[in-house]
Amino acid sequence: MSDIPIVFEPIAMERVWGGRRLEALYGKSLPPGSLIGEIWEIVDRREAQSVVHQGRFRGLTLHELWTGHRSEVFGEAYAEDPSERFPLLVKLLDARERLSLQVHPPAHLADALAGEPKTEVWYFAKCAPGSQIYAGIRKGIDRQSFETKLRNSTVEDAVHAIPVSAGDSIFIPSGRMHAIGEGNVIVEIQQNSDTTYRVFDWNRHGLDGKPRQLHIEESLACTDFEDIEPDVDHFVTGTIADCEFFRVEKISVKSATKVVQEEQFALMTVLEGSVTCGGMDFSPSAFFLVPADHPDLEVAPVGGEALMLRTTLPLA
């Protein structure tokens, strides 16, 4: 059964705000001398493809699985799904520095702005002492006052800062102004989109030494200025996100556990502890897919309780 869990080759992405923490924390293989901000673990895009590293489909891309093996891998429920590509993009992020203040376009504006809609959820795997994020708008701030603070370079006063710790999570719908603060390592599960509009980047220069491109008009058009001071969640276990694009659950694995439900695939992420599945061992930061056509396959802890994320698509 060792060929059943599907394991993909990760793709390291250099970012000006990234670092080397994923190498130190998880033993990730990173390109030497690069600031790696993101590892794309599951991706089906023209510019980036997950390739099966281990399992019965070794060498195939995620796109080839979605287009040629959809029912057996993902489930009969998605056989008629109109999506050209696998609808999710899953990342592991290392924020050595804080990211830009940004927003993603909602569906009703994306086409007009030549972008792709994007809703996501963050799970905080590791947080340095004092870590925070920005999400939503502070009370008393409207679009006019936000623009004034943007011109005066005091926009940080307009967005809601939230302290975070490991185990927290937050849902980031399209239209929510946000920025990840420094010191955070995050599992990000999102719509298959790579559209980000930056409204402010703390006067930072990019890897090329030039000021980073901003998208002020697009950002202002997309921002929900009635999204006032949201908070983070902290679940020991339970559903951390359930929307029209994805369902993400945090589960405890104390004994052998079946993870495929309703004959649909399960994308698994190891958060804490170690597990075995189909004769393969997985440690923290590992990602693997349990296909729909093996509903009896179990995940079992190694040496004590393990915590995992289980990600699925909504049933068609």
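This one's a predicted model, so the numbers in the text were calculated from it and none came from an experiment. (Residues numbered from 1 in each chain as written. Predicted model: local features only at pLDDT ≥ 70, side-chain atom pairs only at ≥ 80, totals over all residues. Heavy atoms only, no water.)

(A) Summary view of the nonpolar core. If you look at the biggest cluster of nonpolar residues, it comprises 39 residues, and the most contacted ones within it are Phe74 and Phe86. Residues within four places of phenylalanine 86 in sequence aside, it is in contact with Ile42, Asp44, Leu62, Trp66, Phe74, Asn192, Phe265 and Leu313. Counting residues in each nonpolar core, the second largest holds 20 residues, with Ile4, Val253, Ala266 and Leu297 among its members. (Core = buried A, V, L, I, M, F, W, Y, C linked by side-chain atoms within 4.5 Å. Buried < 20%, exposed > 50% of the residue type's maximum accessible area, 1.4 Å probe, protein only. Contact = heavy atoms within 4.5 Å.)

(B) Just the environment of glutamate 84, in detail. If you trace the backbone, glutamate 84 turns up in the loop between helix H3 (70-74) and strand S7 (88-95). When the C-alpha atoms of glutamate 84 and alanine 286 are compared, they prove to be 27 Å apart, with 202 residues separating the residues in sequence. For glutamate 84, the contacting residues outside a window of four places in its chain are Arg46, His63, Trp66 and Thr67. (Helix = DSSP H or I, 4+ residues; strand = E, 2+ residues; numbered from the N terminus.)

(C) Structural context of the sheet that holds strand S12 (residues 168-172). Pairing within the open sheet is antiparallel, and its seven strands lie in the order S2-S3-S7-S14-S9-S12-S16. Because the sheet does not close on itself, it has two edges, and the strands there are strand S2 (11-19) and strand S16 (233-234). Two elements, S12 and S16, share two bridges in a ladder whose sense is antiparallel. Note on S16: the bridge partner recorded for serine 169 is aspartate 233. (Pairing = 2+ DSSP bridges.)

(D) The side chain of serine 131, seen in detail. Looking at the secondary structure, you find serine 131 in the loop between strand S9 (120-127) and strand S10 (132-137). Using a relative accessible area of 4% as the deciding quantity, one classes serine 131 as buried. If sequence neighbours within four positions are ignored, serine 131 has contacts with Ile162, Pro163, Val164, Glu182, Gly183 and Asn184.

(E) Main features of the pairing of S10. Judged by how many residues are buried, S10 sits mostly within the fold: five of six residues are covered. As defined by bridge partners, S10 adjoins strand S11 (residues 159-163) across four bridges and the pair is classed as antiparallel. Bridge pairing in S11 links isoleucine 137 to valine 159. With three bridges connecting them, S10 and strand S13 (residues 178-180) associate as antiparallel partners. Residue pairing for S13: tyrosine 134 is matched across the bridge by alanine 179.

(F) Up close: the pairing of strand S17 (residues 238-242). Two elements, S17 and strand S18 (residues 247-253), share four bridges in a ladder whose sense is antiparallel. Residue pairing in the sheet places aspartate 242 in a bridge with arginine 247 of S18. Here S17 folds back onto S18 in antiparallel fashion, the turn holding four residues.

(G) Up close: unusual backbone geometry. One non-glycine residue, tryptophan 202, lies in the positive phi region at around 55 degrees. Among the secondary structure elements, tryptophan 202 is positioned in the loop between strand S15 (197-200) and helix H6 (216-222). Positioned with a positive phi, glutamate 262 is a non-glycine residue whose angle comes to about 50 degrees. By secondary structure assignment, the location of glutamate 262 is in the loop between strand S19 (257-258) and strand S20 (266-277).

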